[in-house]
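# Summary of structural features
For reference, the chains in residue letters:
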Amino acid sequence: MVKSFITHVIGVALILSLLGTISKPAIAVSYDRVNLVNADFSHQDLRDASFDHANLRGSDFSFSDLRGVRFFSANLEGANFEGANLRASDFESARLTHANFKNAVLEGAFGTNAKFGETIIEGADFTDIILRPDVESILCERATGINPETGRATRDTLFCPD
């Protein structure tokens with residue numbers, strides 16, 4: 001009787017797995033050192049992926065879930081992160097000149113040594129992001145708007161002086 005029950009359970013599990021109804025654990029994807037100029041990653045779930053040293057110039061990450069993603073030393077010049085969830089992401093030594101962070105959430109991200117020259121940050125939430133003081137000053141010069149998801153003012157999240 002027990003043997004019959006175990007055989008039945010194994011059979012059901014096999015059928016369910018063949019039908020794809022048993023969820024598989026998410027596996028972080030590595031795009032390290034890849035040339036992905038103008039790639040479209042918009043509206044995707046890329047949590048915990050790695051883009052270390054990748055060339056992502058002009059790529060579109062708008063409205064994507066990028067929590068915990070590593071962009072260490074990546075070229076993100078002109079990349080679009082509008083509305084993206086970038087919580088706890090790593091931009092260490094990344095090039096972000098001309099990038100669009102409109103309404104993005106960068107809460108708890110890491111960005112020391114990142115180059116944020118001429119970025120669009122309207123409505124971006126920089127709560128608890130780790131930046132160099134000189135970079136914070138530069139970002140404060142263009143900080144405007146309120147993040148639609150968190151309700152926080154960009155200037156407040158960067159601790160910009162009044």
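Look a little higher up for the structure.
Reference entry: report on the structure contained in this document. (Residues numbered from 1 in each chain as written. Predicted model: local features only at pLDDT ≥ 70, side-chain atom pairs only at ≥ 80, totals over all residues. Heavy atoms only, no water.)

## Things to note about unusual backbone geometry
Although it is not a glycine, serine 73 sits at a positive phi angle of roughly 55 degrees. Within the fold, serine 73 resides in the loop between α1 (2-19) and α2 (133-140). Its identity is not glycine, yet glutamate 118 carries a phi of approximately 55 degrees, on the positive side. Its place among the elements puts glutamate 118 in the loop between α1 and α2. (Helix = DSSP H or I, 4+ residues; strand = E, 2+ residues; numbered from the N terminus.)

## A word on the nonpolar core
Phe51, Phe71, Leu76, Phe81, Phe91 and Phe101 are the most contacted members of the largest nonpolar core, which totals 39 residues. Apart from residues lying up to four places away in sequence, phenylalanine 91 is in contact with Phe71, Leu76, Phe81, Leu86, Leu96, Phe101, Leu106, Phe110, Gly111, Thr112 and Ala114. (Core = buried A, V, L, I, M, F, W, Y, C linked by side-chain atoms within 4.5 Å. Buried < 20%, exposed > 50% of the residue type's maximum accessible area, 1.4 Å probe, protein only. Contact = heavy atoms within 4.5 Å.)

## Notes on α2
Turning to α2, its buried residues number three or more, namely Val135, Leu139 and Cys140. The arc enclosing the buried residues of α2, seen along the axis, measures out at 140 degrees, which places them on a common side. (Arc of directions from axis to C-beta.)

## Some thoughts on the environment of phenylalanine 159
For phenylalanine 159, the location among the structural elements is in the segment after α3 (154-157). On the accessibility criterion, phenylalanine 159 (70% relative accessible area) is exposed. Along the chain, phenylalanine 159 and phenylalanine 126 lie 33 residues apart, while their C-alpha atoms are 9.3 Å from each other.

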